[in-house]
Amino acid sequence: MNGEMKDRIIQHYDELSPYYKDLWGVHIHHGYWNPATETKEKAQEQLIRELISRAKIENGARILDVGCGLGGTAIYLNKTLGANVTGITISPIQIEIGNNLARRCGADVRLMLMDAETLELDDRFDIVWSVEAIFHLNKKMDCFRAMSPLLKVGGKLVIADWFKSNTATAAEEDKFLEPIERTMLVPKLESPCAYLNYIGEAGLNVTFFEDLSANVLRTWDLAIELIRDPALWKFAAARGKDFTAFLEGFAAMRAGYKSKALIYGMLIAQKTR
């Protein structure tokens, strides 16, 4: 991603991550809602379980979490699967919060400061996992090329991300996707087809894709309710236009999903050689 966008993203997560934790919990991602889901926390954990199930992740796996946020998912993977998890993020504050949280939970989790477009690691992993991070990147191809060598043969790339629909028209992009890109620190939303091409060029075979939009949409109904507090808007205004725009983007996200120009997709790929 370009330097200016990267700096804005770092500033955003450094300043807001403590408040995200209070407002949204340790999982900074959508929830997967079904009729039995009662809370956002259960929905967020259900999304993780859906990914685990579809990717058939085994107990004791070595996992790299790219864009690990506050480490909530990494800790959940460790506690649920006995996985050895390394997480990376470009936010120093997220590293501090996440490693402290992991220590308090007694989790075998290590969070590191690293750029997802380079990924300079000596380890090899059974799973490279990324939930709602790749959309922030301008150079997605660089990220996938960096991920591929880190997978063991037979290892899997497991992604959940925001996508432009393969069928979105230019008019829909202008009306529904541009406001998301402008407010949510997204250089450019890309389609599942674009991701499939990037991943294939990186030497991985895509084995699964599913549109989960209908199951995650309720996340934004709840988020909009949570930000009705005037104190939150006052806090955002004091920290600059990016933060106020981010809150305004919640309505744009909901509208994007309802228009079907924006989709929430789960993608799995495997390294076969």
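Because the structure is a prediction, the values reported are computed rather than measured. (Residues numbered from 1 in each chain as written. Predicted model: local features only at pLDDT ≥ 70, side-chain atom pairs only at ≥ 80, totals over all residues. Heavy atoms only, no water.)

> Describe in detail the sheet that holds strand β4 (residues 125-131), supporting the description with residues and values.
Strand pairing in a sheet is mediated by backbone hydrogen bonds. Such pairs are either parallel or antiparallel. The seven strands are arranged β3-β2-β1-β4-β5-β7-β6 in an open sheet whose pairing can be described as mixed. The strands lining the two open edges of the sheet, one partner per strand, are β3 (109-113) and β6 (205-211). Strand-to-strand twist in this sheet, taken as the mean axis angle between neighbours without regard to direction, amounts to 15°. As judged from the five bridges shared by strand β1 (residues 62-66) and strand β2 (residues 84-89), these two strands associate in the parallel manner. Bridge pairing in β2 links D65 to G87. In this fold helix α4 (residues 92-105) packs onto β2 and β3, with an angle of close to 170° to the strand it touches most, β3. Here helix α5 (residues 140-147) sits on the sheet in contact with β1, β4 and β5 (151-164), set at roughly 160° to β5. (Pairing = 2+ DSSP bridges. Helix = DSSP H or I, 4+ residues; strand = E, 2+ residues; numbered from the N terminus. Axes fitted to C-alpha atoms, helices over the stretch in contact; angles between N-to-C directions. Contact = heavy atoms within 4.5 Å.)

> For unusual backbone geometry, give the residues involved together with the corresponding values.
Of note in this structure, E132 is not a glycine but carries a positive phi near 55°. Along the chain, E132 turns up in the loop between β4 and α5. A positive phi is found at L185, a non-glycine position, where the angle reads about 60°. Note on placement: L185 falls in the loop between α6 (170-183) and α7 (192-201).

> Please give an account of the packing of aromatic side chains that cites residues and values.
Counting across every chain of the model gives ten aromatic pairs. Ring geometry for F135 against W162: centres 3.8 Å apart, planes inclined by 10°, an arrangement best described as stacked. Here F135 is found in the loop between β4 and α5, whereas its partner W162 is found in strand β5, with 27 residues between them in sequence. On the accessibility criterion, F135 (3% relative accessible area) is buried. According to the relative accessible area criterion, W162 is buried, its value standing at 5%. (Phe/Tyr/Trp six-rings, centres within 6.5 Å; stacked < 30°, edge-to-face > 60°. Buried < 20%, exposed > 50% of the residue type's maximum accessible area, 1.4 Å probe, protein only.)

> Summarise the packing of helix α2 (residues 40-55) against helix α3 (residues 72-81); cite the residues concerned and give the values.
Their axes nearest at 11 Å, the elements α2 and α3 cross at an angle of 60°. Classed by the angle they form, the pair α2 and α3 counts as oblique. The two elements α2 and α3 cross, and the hand of that crossing is right-handed. Across the interface between the two elements, E45, I48, R49 and I52 of α2 pack against T73, Y76, L77 and L81 of α3. Residues belonging to the contact of α2 with α3 are distributed by class as follows: five nonpolar, one polar and two charged. (Parallel < 35°, antiparallel > 145°, perpendicular 65-115°, else oblique. Left-handed = near helix turned anticlockwise from the far one by under 90°. Nonpolar A, V, L, I, M, F, W, Y, C, P; charged D, E, K, R; others polar.)

> Before we move on, could you go through the pairing of β4 and cite the residues and values that matter?
For β4, a buried count of six out of seven residues is recorded, marking the element as mostly surrounded by other parts of the structure. Relative to β5, β4 is paired through six bridges, and the arrangement is parallel. Within β5, the position partnered with I127 by the bridge is K156. Remark: the β4/α5/β5 crossover connection has right-handed handedness. (Right-handed = clockwise from strand over helix to strand, strands pointing away.)

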